[in-house]
Amino acid sequence: MEKSITFWYHLPVTQSIDHVYKCALKAAEIGFDIISNQDHFLVINDERGCRPECWTMLTAVAMTTKLKVSPLVMCSLFRNPVLVAKIVTTLDQLTKGRVFLGIGAGWWKEEFEAYGYKWEPPKTRVDKTIEAIKIIKMVWTQDEVNYEGKFWTLKKCRLEPKPYQKPHPPIFSGGQGPRMLRATAKYCNGWMPQIREPEEYKKRMEYMSKYMEDPEKFYWGNVIDVWEDKHTPDDIIKTIESFVEIGVTHFTLFMHPQPKNLVLLDKYSKVIAYFK
């Protein structure tokens, strides 16, 4: 059994800010490695939406625990890419390297329109996301950036300071469309989708590996939905083991119902204990 498994705890962000924060602290006590937060604005019900602003909550968690933090995932279209680079760099410096950048193209039309963001076709959103990733990596690693792209233009852009992690914080994507799979393989350091069957996951792995320079350094992850009324700790352990067998080492536990996460963290702490 592979021992180097990394566990992410996905915050129950439909709940109150206090509840979300308490869950993060409890996850740290239990032994999770990374805390993740959705990047949404709307709140629809107890299982859909997000109350805390992503980077504000992640900063609070990172500064009061020793855990790593990551958006899962940040919408690339909500913030200018250089601003994203600056936000992540600041937190990376403050935490001495405990930040990941999960990034995606956005999918929730209702949310875009509610908050004044232009809703564009999938191709445009993916194009913008790929360009954003390129820009973020450029300003993280180059002293001065002059860039003219399809969506952004930079003139004598200097990002100071640079990230604490070298060459830069790990970048994850969760996209599953063919173009995002290729872009993830080419420009990112890891992949965190939500896939139920190992066989399906392995097919994507094989496809993406064709586009990687060094597959051995790539992080493979998966989001595991954990429902109190459907899954025992042993069920989750077996699911994780089936993905470990194909090379997945990062696992995000997303526990439901979200209002009961403080209790569910105790129940499913057995999963962490088993692998640790």
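This text goes with the structure placed above it.
Residues numbered from 1 in each chain as written. Predicted model: local features only at pLDDT ≥ 70, side-chain atom pairs only at ≥ 80, totals over all residues. Heavy atoms only, no water.

Chemist: Any details on the overall build of the chain? Residues and values, ideally.
Modeler: Helix and strand content of the chain: 10 helices and 13 strands. Taken against the 2.2 N^0.38 rule, which gives 19 Å for 276 residues, the C-alpha radius of gyration of the chain at 18 Å falls within 12% of a compact globule. Projected onto its principal axes, the C-alpha coordinates of the chain cover approximately 55 × 40 × 35 Å. In the chain, buried positions account for 53% of the 276 residues. Within the chain, residue pairs in contact and separated by at least 24 positions form 71% of the contacts whose partners lie at least 6 positions apart. Taken as a whole, the chain presents about 13000 Å² of accessible surface, with 51% of it coming from carbon and sulfur. Computed over 39 positive and 34 negative side-chain charges, the inter-centroid distance for the chain is 5 Å. (Helix = DSSP H or I, 4+ residues; strand = E, 2+ residues; numbered from the N terminus. Rg over C-alpha atoms; globule rule 2.2 N^0.38 Å. Buried < 20%, exposed > 50% of the residue type's maximum accessible area, 1.4 Å probe, protein only. Contact = heavy atoms within 4.5 Å. Areas by Shrake-Rupley, 256 points an atom, 1.4 Å probe, with all protein chains shown as cover. Lys, Arg positive; Asp, Glu negative; His and termini not counted. Charge placed at Lys NZ, Arg CZ, Asp CG, Glu CD.)

Chemist: Outline the side chain of Thr65, supporting the account with residue identities and numerical values.
Modeler: Tracing the chain through its elements places Thr65 in the loop between helix H2 (54-64) and strand E5 (68-71). Once residues within four sequence positions are removed from consideration, Thr65 is found in contact with Leu25, Ala28 and Arg98.

Chemist: Can you break down the side chain of Asp39 residue by residue, with the values?
Modeler: Mapped onto the fold, Asp39 is located in the loop between strand E2 (34-37) and strand E3 (43-45). Using a relative accessible area of 3% as the deciding quantity, one classes Asp39 as buried. A distance of 2.9 Å separates a polar atom in the side chain of Asp39 from the backbone nitrogen of Cys75. A polar side-chain atom of Asp39 sits 2.8 Å from a polar atom in the side chain of Arg79. Among all residues touching Asp39, those that are not within four sequence positions of it are Cys54, Val73, Met74, Cys75, Phe78, Arg79 and Glu111. (Polar contact = N/O pair within 3.5 Å; in protein donor to acceptor, adjacent residues only side chain to side chain.)

Chemist: Provide a residue-level description of the sheet that holds strand E12 (residues 219-227), including the pertinent values.
Modeler: Across the sheet, 9 strands lie side by side as E5-E2-E1-E13-E12-E11-E10-E7-E6; this open sheet has parallel pairing. If you trace the sheet from one side to the other, it starts and ends with E5 and strand E6 (74-75), each paired once. Pairing between E6 and strand E7 (residues 101-104): 2 bridges, direction parallel. Opposite Cys75, over in E7, you have Gly104 as the bridge partner. Helix H7 (residues 198-209) rests against strand E11 (190-191) and E12 of the sheet, and its axis sits at about 155° to E12. (Pairing = 2+ DSSP bridges. Axes fitted to C-alpha atoms, helices over the stretch in contact; angles between N-to-C directions.)

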